[in-house]
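# Descriptive structure summary
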Amino acid sequence: MDLFIKKRIRAIRKGDQNAYADLVDLYKDKIYRLCYRMLGNRHEAEDAAQEAFIRAYVHIDTYNPNMKFSTWLYRIATNLTIDKLRKRKPDVYLDEELNGTDGLTMQAQLPSREASPEEAVESLELQETVQRAIEQLPEKYRSVIVLKYIEDLSLQEISEILGLPVGTVKTRLHRGREALRRQLGHL
């Protein structure tokens, strides 16, 4: 996989735009998921993911081939979402899914384990509750929680993406978990 990515990057640097389309296809779902988990809004996540890919393309010459491309791309997307969170103004989208609507959220698209309707509703409510709790975390804890538990990245990868020492990542992860425990203690 790394060889494929390095070949694509060399081709991009030579001006082959189709090579970049291959990288976008490879990472688009992961980057969108990261943006969605950070921002909690489908429209903003789509915009952030698209902007992350544009920035990566424009700055491909600054990519260090000694680093994993995915780490570099995650860092761009994470920084973008953090910037968007800082600048966030209350926006209302007319076609945004409403809480409590049946089957219209991202969580409802997860594969079913053939649960009863009651279990499905409870599970959906729990997922929405956890997502809201994650959205309430300060951005420095939210980014670490999302990268660790949603994107399943290692502490070292998170450290590289956020440009923080591993010890700081561990501290923020611990504090983020504690904040979630306090928020979700009633469950």
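Quick note: structure is the one above.
Here is a short report on the structure shown in this document. (Residues numbered from 1 in each chain as written. Predicted model: local features only at pLDDT ≥ 70, side-chain atom pairs only at ≥ 80, totals over all residues. Heavy atoms only, no water.)

## So, the overall build of the protein chain
For the protein chain, the count of helices and strands is eight helices and zero strands. Looking at the protein chain residue by residue over its 187 residues, the buried ones come to 37%. Of the accessible surface of the protein chain, which amounts to about 11,400 Å², a share of 50% is contributed by carbon and sulfur atoms. (Helix = DSSP H or I, 4+ residues; strand = E, 2+ residues; numbered from the N terminus. Buried < 20%, exposed > 50% of the residue type's maximum accessible area, 1.4 Å probe, protein only. Areas by Shrake-Rupley, 256 points an atom, 1.4 Å probe, with all protein chains shown as cover.)

## Considering the packing of aromatic side chains
The relative placement of two aromatic rings is captured by the distance of their centres and the angle of their planes. The final tally for this structure, using the stated rule, is six aromatic pairs. Geometrically, the ring pair formed by F69 and W72 is tilted, given 5.7 Å between the ring centres and 45 degrees between the ring planes. Placement of the pair is F69 and W72 together in helix α4 (residues 69-87), with a separation of three residues, close to one helical turn. By relative accessible area, which is 10% here, W72 ends up buried. (Phe/Tyr/Trp six-rings, centres within 6.5 Å; stacked < 30°, edge-to-face > 60°.)

## Looking at the packing of helix α5 (residues 117-136) against helix α8 (residues 166-184)
Angle between the axes and distance between the axes: these two values describe a pair of packed helices. Remark: α5 packs on α8, axes separated minimally by 10 Å, with the N-to-C direction vectors making an angle of 130 degrees. Taken together, the axes of α5 and α8 lie oblique to each other. When you trace α5 past α8, the crossing you get is right-handed. Contact residues: α5 offers T129, V130, A133, I134 and Q136, while α8 offers L180, Q183 and L184. Of the residues in the contact of α5 with α8, the class split is five nonpolar, three polar and no charged. (Axes fitted to C-alpha atoms, helices over the stretch in contact; angles between N-to-C directions. Parallel < 35°, antiparallel > 145°, perpendicular 65-115°, else oblique. Left-handed = near helix turned anticlockwise from the far one by under 90°. Contact = heavy atoms within 4.5 Å. Nonpolar A, V, L, I, M, F, W, Y, C, P; charged D, E, K, R; others polar.)

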